[in-house]
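These are the residues of each chain, in order.
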Amino acid sequence: MNEKISDQKIVRHYLDRLESAILETKNKYGKLINLIAYNILCSKDDADECENDTYLNVWNSIPPNEPENLKAYCLRISRNLAIKRYRYNLAQKRDNSKQLSLEKIMEECGDIFPEQSNVSDENEIKIIINKFLMDLPLKKRKVFMLRYWYFLSVKEIMEECKMSKSQVEVALFRMRKLLKEEFEERGYIHG
């Protein structure tokens, strides 16, 4: 049978320290984990290494963690590892044009997201961002996520969403402005 195992069962395997949990995670989410890393790093070797590091981090963090959404948990770890690797590569002067594009993306949202000072702030910030995203129309939410979660270029978003360059850029500008206003209103950042 090729039926996919449920996330809850995979998490249970991690909690029970069954090594099969890693293979189950790879089979279910490996391509997506690698894609996120590749979109950030632009290097197959670095993305493969990041994917493997993701499995190790998941193994080492469950337990004590018991994620409700294994997919999101793995993708967040992969993304964070890839960004860390990207910064290391940049410091080592191993950048290329796509990495310079990533730096631009990070600059775009640099003054939007507040610095997290404690766990309660981090949780509140997550709630604000999730509510902001849920309040967006589906197409705008997709554009926002493609840019700031998957790190796609404006051109890639244009193709994926069937929008013009100016439509994508204006939508991103307006959404950044709205999110910044939300954080300012809540006192997390100051305009």
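Below is a short write-up of the structure. (Residues numbered from 1 in each chain as written. Predicted model: local features only at pLDDT ≥ 70, side-chain atom pairs only at ≥ 80, totals over all residues. Heavy atoms only, no water.)

### As for the side chain of Glu 51
Item 1. Structurally, the position occupied by Glu 51 is in helix H3 (residues 44-61).
Item 2. Judged by relative accessible area, which is 7%, Glu 51 ranks as buried.
Item 3. Here the side chain of Glu 51 touches Tyr 55 through a polar contact of 2.5 Å, side chain to side chain. (Helix = DSSP H or I, 4+ residues; strand = E, 2+ residues; numbered from the N terminus. Buried < 20%, exposed > 50% of the residue type's maximum accessible area, 1.4 Å probe, protein only. Polar contact = N/O pair within 3.5 Å; in protein donor to acceptor, adjacent residues only side chain to side chain.)

### Overview of the packing of helix H2 (residues 20-41) against H3
Item 1. Where H2 meets H3, the closest approach of the two axes is 8 Å, and the angle between their N-to-C directions is 135°. By the criterion of interaxial angle, the relationship of H2 to H3 is oblique. Viewed along their axes, H2 and H3 form a crossing whose handedness is right-handed. The residues of H3 that touch H2, namely those facing Ile 22, Thr 25, Lys 26, Gly 30, Ile 33, Asn 34, Ala 37, Tyr 38 and Leu 41, are Lys 44, Asp 46, Ala 47, Asp 48, Cys 50, Glu 51, Thr 54, Tyr 55 and Trp 59.
Item 2. Here the contact of H2 with H3 is composed, by residue class, of nine nonpolar, four polar and five charged. (Axes fitted to C-alpha atoms, helices over the stretch in contact; angles between N-to-C directions. Parallel < 35°, antiparallel > 145°, perpendicular 65-115°, else oblique. Left-handed = near helix turned anticlockwise from the far one by under 90°. Contact = heavy atoms within 4.5 Å. Nonpolar A, V, L, I, M, F, W, Y, C, P; charged D, E, K, R; others polar.)

### Considerations on the pattern of salt bridges
Item 1. Tallied over the entire structure, the rule returns ten salt bridges.
Item 2. A salt bridge links Arg 85 to Glu 49, with the shortest nitrogen-to-oxygen separation between them at 2.9 Å. Taken together, the residues Arg 85 in helix H4 (residues 70-91) and Glu 49 in helix H3 connect sequence positions 36 residues apart.
Item 3. We classify Arg 85 as partly exposed; its relative accessible area is 22%.
Item 4. The structure contains a network of salt bridges with shared partners spanning Asp 46, Glu 49 and Arg 85. (Salt bridge = Lys/Arg side-chain N within 4 Å of Asp/Glu carboxyl O.)

### Here's the deal with the packing of aromatic side chains
Item 1. Using the criterion set out here, one finds three aromatic pairs in the structure.
Item 2. Taken together, the ring pairs in this structure connect Phe 132, Phe 144 and Tyr 148 into an aromatic cluster.
Item 3. Sitting over the ring of Trp 59, Arg 17 keeps its end group 3.8 Å from the ring centre. (Phe/Tyr/Trp six-rings, centres within 6.5 Å; stacked < 30°, edge-to-face > 60°. Lys NZ or Arg CZ within 6 Å of the ring centre and 35° of its normal.)

Any functional reading would require information beyond the geometric quantities listed.
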